[in-house]
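Coordinates in review
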Number of protein chains: 2
Amino acid sequence: MRIDPWGSELAVDLGKLFEEFGLKGIDEGIKKRLGADSRLIARELLIAHRDLELFLAAAEKGKEIAVMSGIKPSGDFHLGSKLTADELIFYQKKFGAKVFYAIADLEAYADNGLSLEESKKNAISNVADLLALGLDAKNAYIYRQSQERRVMAAAHIYGARTTMATLKAIYGERSPALYMSVLLQVGDILLPQHKDFGGPKQVLVPVGLDQDPHMRFARDIAFKEGLMLPASTYHVQMKSLKGETKMSKRDPMGMLTLSDDEETAAKKLKSVFTGGRNTAEEQHKLGGEIQKCVFYEICKYHFIEDEKKLSQMKQECVSGKLLCGECKAKHITEILGWLKTHQAKKKKMMKKAQEIVEAGEK
Amino acid sequence: MRIDPWGSELAVDLGKLFEEFGLKGIDEGIKKRLGADSRLIARELLIAHRDLELFLAAAEKGKEIAVMSGIKPSGDFHLGSKLTADELIFYQKKFGAKVFYAIADLEAYADNGLSLEESKKNAISNVADLLALGLDAKNAYIYRQSQERRVMAAAHIYGARTTMATLKAIYGERSPALYMSVLLQVGDILLPQHKDFGGPKQVLVPVGLDQDPHMRFARDIAFKEGLMLPASTYHVQMKSLKGETKMSKRDPMGMLTLSDDEETAAKKLKSVFTGGRNTAEEQHKLGGEIQKCVFYEICKYHFIEDEKKLSQMKQECVSGKLLCGECKAKHITEILGWLKTHQAKKKKMMKKAQEIVEAGEK
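Now for a look at the structure at hand. (Residues numbered from 1 in each chain as written. Chains lettered and ligands numbered in written order. Predicted model: local features only at pLDDT ≥ 70, side-chain atom pairs only at ≥ 80, totals over all residues. Heavy atoms only, no water.)

Once that is clear, we can look at the overall build of chain A. For chain A, the count of helices and strands is 16 helices and seven strands. In summary, chain A has a C-alpha radius of gyration of 21 Å against a globular reference of 21 Å for 362 residues, a match within 12%. For chain A, the C-alpha atoms occupy an extent of roughly 65 × 45 × 45 Å along the three principal directions. Looking at chain A as a whole, 57% of its 362 residues are labelled buried. (Helix = DSSP H or I, 4+ residues; strand = E, 2+ residues; numbered from the N terminus. Rg over C-alpha atoms; globule rule 2.2 N^0.38 Å. Buried < 20%, exposed > 50% of the residue type's maximum accessible area, 1.4 Å probe, protein only.)

Structural data, given as structure tokens:
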């Protein structure tokens, strides 16, 4: 089975991922160790993991640990980027993990033709979002790929640790730029184990399921380099507001971003795909199909903190009490309020974000 | 026709290079402009060029110009490396060209499995040779690839400007590491035109004929990037001391290095391949086959400065007056003396070389 990390498909055959590639489900032990009342667990954000136990064991023993992820700075922070950021911040707060955050500007060039200067502008905005979400910059290393020579050099070194046949087997026939992006990503994933950062350690990489090929490839290289194999968690994929595909910057109207102004956000949320029935009558009778509702997912994964309020929302849907329009009207204010508060926090973080992003230029 | 830049073959079909790839010969105009009595011309070191006129025109108009080359730091400076170095120094002295010199440690890793630390040691020695040969470090930029983020970032950017089909057409089926080395080399070749170095300018790249694929590829990328197409000169290839292949670090006994001690150098020179006949009698009668003689080439390209002395050497060979052993005995002292003087100069340059090589670490 080959998974396309660059595609827009939502469906990933989970059974095969477990069977062929050794992913594991989130069992009771893991739930307890992460905290049953943490949002990750309580809101079922995690689907699977690989070697999370090893990471947790190191964390619990007080060893130096790191979490690593990143963003392609091709636009505003959307709910998918937030999902990853929330997870990083969770591990930073709960286990004291150092956060490594790669701003993949070279990949943005290769994949989207975005100049490094444009990427830099987006990066500052993205980092301000990250800080506003609660990342502690003092226990983090945030960098742009194009400024981080350890990562770029590693991409070349790792290029010598693989073959075209391996790259083709994992990723299919791709362009030189895409193969090089993959090697850069491995450089990102293994950077926390660089001697400048204290050498080999347990590193956890929170990703979407579609990114698993990168993890397998990075583990293969880590093994060859005598490093510890990075662990990974797989979170749910944010659906496009239109419902069919994953949320992606390639479809601006399909994503809610943390920078959307009130009017835009309200407009997007009013037209978001729900689990509504064909008629009001039918819906009152059968209830909404909540498993299809992107609005509910957004509230569950991001905006409604209160457990009671969320169960009420669910109950009012499946019982047929509220129609989709009524449900939205009831909850939209909370989302818009959250965005407003976030944007105010973010504004205060812009200067610091700029300093962080420009630090690499020295 | 495909040329293998990594092979050890000496023969390159010059006719095809001229015809298919537009190389030009060294005509009277070029000879005059470079100086008929310069070693490049007087000793027939140059075989061909591409756009050298454009470079010379810019030089003659007093425009800012650069020459660029480099070395794979996988061992000692040998006579092939010296040939390129001499040419760089010539353009620096005669036209005030700024010298860019890439120490290809990432390529040394990809191609030879050499660690960056080992490469660094060799690099210091190589740079000391370069300085001892007369390079003015004040008008030069010497760097290791692994420390030069502009070059590494460029390799990724240029990766997005090409296709696997193009890479295969030029270089054949290669490993990811080798394709990446090629993109790094293009990064090296185009670095003098980076905005940090004053932007687009005429750049000349002295290479061996076997390196022409890199030049064609670099020109293609330069065109796409809106840069000036780098010019190139093609010098003779130093033959292995054994005569059959090109001088290469892959065969230590086939190369004379600038670090060989007197005993080693003498031993190598005594067994160097010459144009001797089967018997002394035959040689006295027919003369030596000087066109095959590596010892003569070495003297002509590197060690005998005096024109008269060189013609006498030639005359005593082809006339059959001296046998090869006698000829070697006559001239070997001059070579060993040159090496001794060079090594003394080099020793004094080691500290400066170390500073230059380590400057990139900051």
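Read on for the rest.
This part covers the packing of helix H9 (residues 164–171) of chain B against helix H11 (residues 212–224) of chain B. All names here are of chain B. The geometry of H9 relative to H11 is characterised by a closest axis approach of 10 Å and an angle of 150 degrees between their N-to-C directions. Looking at the two axes, H9 sits roughly antiparallel to H11. By crossing handedness, the relation of H9 to H11 is classed as right-handed. Every residue of H11 that contacts H9 at Thr-166, Leu-167, Ile-170 and Tyr-171 is listed here: Pro-213, His-214 and Phe-217. The class makeup of the residues in the contact of H9 with H11 is five nonpolar, two polar and no charged. (Axes fitted to C-alpha atoms, helices over the stretch in contact; angles between N-to-C directions. Parallel < 35°, antiparallel > 145°, perpendicular 65-115°, else oblique. Left-handed = near helix turned anticlockwise from the far one by under 90°. Contact = heavy atoms within 4.5 Å. Nonpolar A, V, L, I, M, F, W, Y, C, P; charged D, E, K, R; others polar.)

Attention now goes to the packing of helix H15 (residues 307–318) of chain A against helix H16 (residues 324–359) of chain A. Residue and element names in this part refer to chain A. Packing of H15 against H16 leaves a shortest axis separation of 11 Å and a crossing angle of 160 degrees. By the criterion of interaxial angle, the relationship of H15 to H16 is roughly antiparallel. Here H15 runs over H16; the crossing is left-handed. Residues Lys-309, Gln-312, Met-313 and Glu-316 of H15 touch H16, and the partners they reach there are Cys-327, Lys-330, His-331 and Glu-334. Of the residues in the contact of H15 with H16, the class split is two nonpolar, two polar and four charged.

To continue, consider the pairing of strand S7 (residues 231–235) of chain B. All names here are of chain B. S7 sits mainly inside the fold: five of its five residues count as buried. Going residue by residue along S7, you find Ala-231, Thr-233 and His-235 tucked away on one face and Ser-232 and Tyr-234 tucked away on the opposite face as well. Bridge count for strand S6 (residues 202–208) against S7 is five bridges, and the pairing is parallel. Note that in S7 the partner of Val-205 across the bridge is Ser-232. Crossover S6 to S7 through H11 is right-handed. (Pairing = 2+ DSSP bridges. Right-handed = clockwise from strand over helix to strand, strands pointing away.)

For Glu-44 of chain A, which is not glycine, the phi torsion reads 55 degrees and is therefore positive. Positionally, Glu-44 of chain A belongs in the loop between helix H3 (39–42) and strand S2 (46–50). Phi at Asp-51 of chain B is positive, roughly 65 degrees, even though this residue is not glycine.

Glancing now at the interface of chain A and chain B. Counting from both sides, the interface comprises 32 residues of chain A and, opposite them, 32 residues of chain B. In this assembly, chain A packs against chain B so that about 2400 Å² is buried in total across both faces, 70% of it on carbon and sulfur atoms. Taken as a group, Arg-149, His-156 and Met-180 of chain A account for 30% of the area that chain A buries against chain B, more than any other trio of residues on that side. Along the contact surface separating chain A from chain B lie 10 residue pairs in polar contact (both at pLDDT 80 or more). Among the secondary structure elements, those contributing two or more residues to the side of chain A that touches chain B are helix H6 (105–112), helix H8 (149–159), helix H9 (164–171) and helix H10 (176–190) of chain A. Of all the elements, H8 of chain A adds the most residues to the side of chain A that touches chain B, at seven residues. The residue inventory of the side of chain A that touches chain B, partitioned by class, reads 17 nonpolar, eight polar and seven charged. (Buried area = accessible area lost by both parts, 1.4 Å probe. Polar contact = N/O pair within 3.5 Å; in protein donor to acceptor, adjacent residues only side chain to side chain.)

A few words now on the packing of aromatic side chains. All names here are of chain B. Counted under the stated rule, the structure contains 20 aromatic pairs over all chains. Taken together, a centroid distance of 6.3 Å and an interplanar angle of 20 degrees make the contact between Tyr-91 and Phe-95 stacked. Here Tyr-91 pairs with Phe-95, and both are found in helix H5 (residues 79–95), just four residues apart, close to one helical turn. Residues Tyr-171 and Phe-217 carry aromatic rings whose centres are separated by 6.2 Å and whose planes lie at 90 degrees to one another, so their mutual orientation is edge-to-face. Of the two residues, Tyr-171 is situated in helix H9 and Phe-217 in helix H11; the sequence distance between them amounts to 46 residues. (Phe/Tyr/Trp six-rings, centres within 6.5 Å; stacked < 30°, edge-to-face > 60°.)

Looking now at the pattern of salt bridges. Residues and elements named next belong to chain A. With the rule as written, the count across this model stands at 64 salt bridges over all chains. The partner of Asp-129 in a salt bridge is Lys-346, and the shortest N-O contact between them spans 3.1 Å. Separated by 217 residues along the polypeptide, Asp-129 in helix H7 (residues 116–132) and Lys-346 in helix H16 bring together distant segments of the chain. The buried category is assigned to Lys-346, whose relative accessible area is 10%. (Salt bridge = Lys/Arg side-chain N within 4 Å of Asp/Glu carboxyl O.)

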